[in-house]
Amino acid sequence: MKNLSDEKIKSAVLKSYKSIAISNGASESCCNNKTLTIKNSPVDISSKIGYSMKELESAPKESNMGLGCGNPQLIANIKEGETVLDLGCGAGFDCFLAADKVGDKGMVIGVDMTFEMLKKARATSRRNRYKNVDFRLGEIENLPVENAIVDVIISNCVINLSTNKQRVYNEAYRALKKGGRIAISDIVIMKELTEEMKNDEKLYCG
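Residues numbered from 1 in each chain as written. Predicted model: local features only at pLDDT ≥ 70, side-chain atom pairs only at ≥ 80, totals over all residues. Heavy atoms only, no water.

Draft legend 1. Geometry of helix 1 (residues 6-23). An ideal rise of 1.5 Å per residue puts 26 Å on 18 residues; helix 1 measures up with 26 Å between its terminal C-alpha atoms. Among all positions of helix 1, only Ile9, Ala12, Val13, Tyr17, Ile20 and Ala21 are buried. Along the long axis of helix 1, the arc covered by the buried residues comes to 165 degrees, so they all point the same way. Summarising the geometry of helix 1, the exposed residues directed more than 90 degrees from the buried face are Glu7, Lys15 and Ile22. Remark: Asn24 follows helix 1 within two positions and exhibits a positive phi of approximately 60 degrees. (Helix = DSSP H or I, 4+ residues; strand = E, 2+ residues; numbered from the N terminus. Expected span 1.5 Å × (residues − 1). Buried < 20%, exposed > 50% of the residue type's maximum accessible area, 1.4 Å probe, protein only. Arc of directions from axis to C-beta.)

Draft legend 2. Expanded view of the side chain of Ser46. On the secondary structure map, Ser46 appears in helix 2 (residues 42-48). Separated by 3.1 Å, the side chains of Ser46 and Asn64 make a polar contact. (Polar contact = N/O pair within 3.5 Å; in protein donor to acceptor, adjacent residues only side chain to side chain.)

Draft legend 3. Here's a closer look at the pairing of strand 2 (residues 107-112). When you tally the buried positions in strand 2, you get five out of six residues, the bulk of the element. Pairing between strand 1 (residues 83-87) and strand 2: five bridges, direction parallel. Residue pairing across strands places Leu85 opposite Ile109, the latter belonging to strand 2. Where the polypeptide runs from strand 1 across helix 5 (residues 93-102) and back to strand 2, its parallel neighbour, the crossover connection is right-handed. Direction of pairing for strand 2 relative to strand 3 (residues 133-137): parallel, over a ladder of five bridges. What sits directly across from Asp112, in strand 3, is Leu137. At this point the chain moves from strand 2, through helix 6 (residues 115-127), to the parallel strand 3, and the crossover so formed is right-handed. (Pairing = 2+ DSSP bridges. Right-handed = clockwise from strand over helix to strand, strands pointing away.)

Nothing here speaks to function; it is all geometry.
If you want it as C-alpha cells, here you go:
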C-alpha cells in the first residue's frame, strides 16, 4: 500500500478541523468516541482529561471544543508576566486560561493552521475583551514568532498530527528563551501501527 504523502495528510487534517470548527462541536472530535464513557459536551470531555471546574468556568464557553487529550497547564507552571505560546491553539481554550495566569503584563500567542479555528478564537477574544492574547495563522513546523521570546510553550493533542515532529521541536527550541520550558499533552504510540492504520486519513486526523 502506498503511504500517504505529507501534503495529503496536511490537507486531511485541515479539512477535518475546519469541519469541527464550522460544526461547533466535540461531536466530530477525536475525543468523542464509543470508548469513552462520557457525554458529548466539551465540558464533560475536558473535566475527564484533567481540567478543573474552576478552569472550565473561567474560560469562555465557546472556546472549549473538547479537542484536548489532557491538561498541559497542570505542569506548565505559568507565572504572571510571562509570554506563553500555544502550538495548535484551536478555538483558544488553553490560551484564554493562560491569559488569566500571565495577567496584563504577560502575553499569550496562539498559533494554528486552520483559519476557521482562528476566526472563532479571535471573535471570542474580541467579545470578551482580552488584551493579552494574539492569535496567529501558521504551522507549528514554521512558527510565526521571533527567536527567544517565549517563556513557556504549551500544546494539547496537536503535535501527533504533524508529519515532521522533529521540525516542531526545533522550532519550539528556537522560540524559547534560555531556560524556557515546554509542557505537552499528547498521544503516545505504545506499539507499531499496521500499514492499513497508517494509511487511514480518518485515523490519522483522530
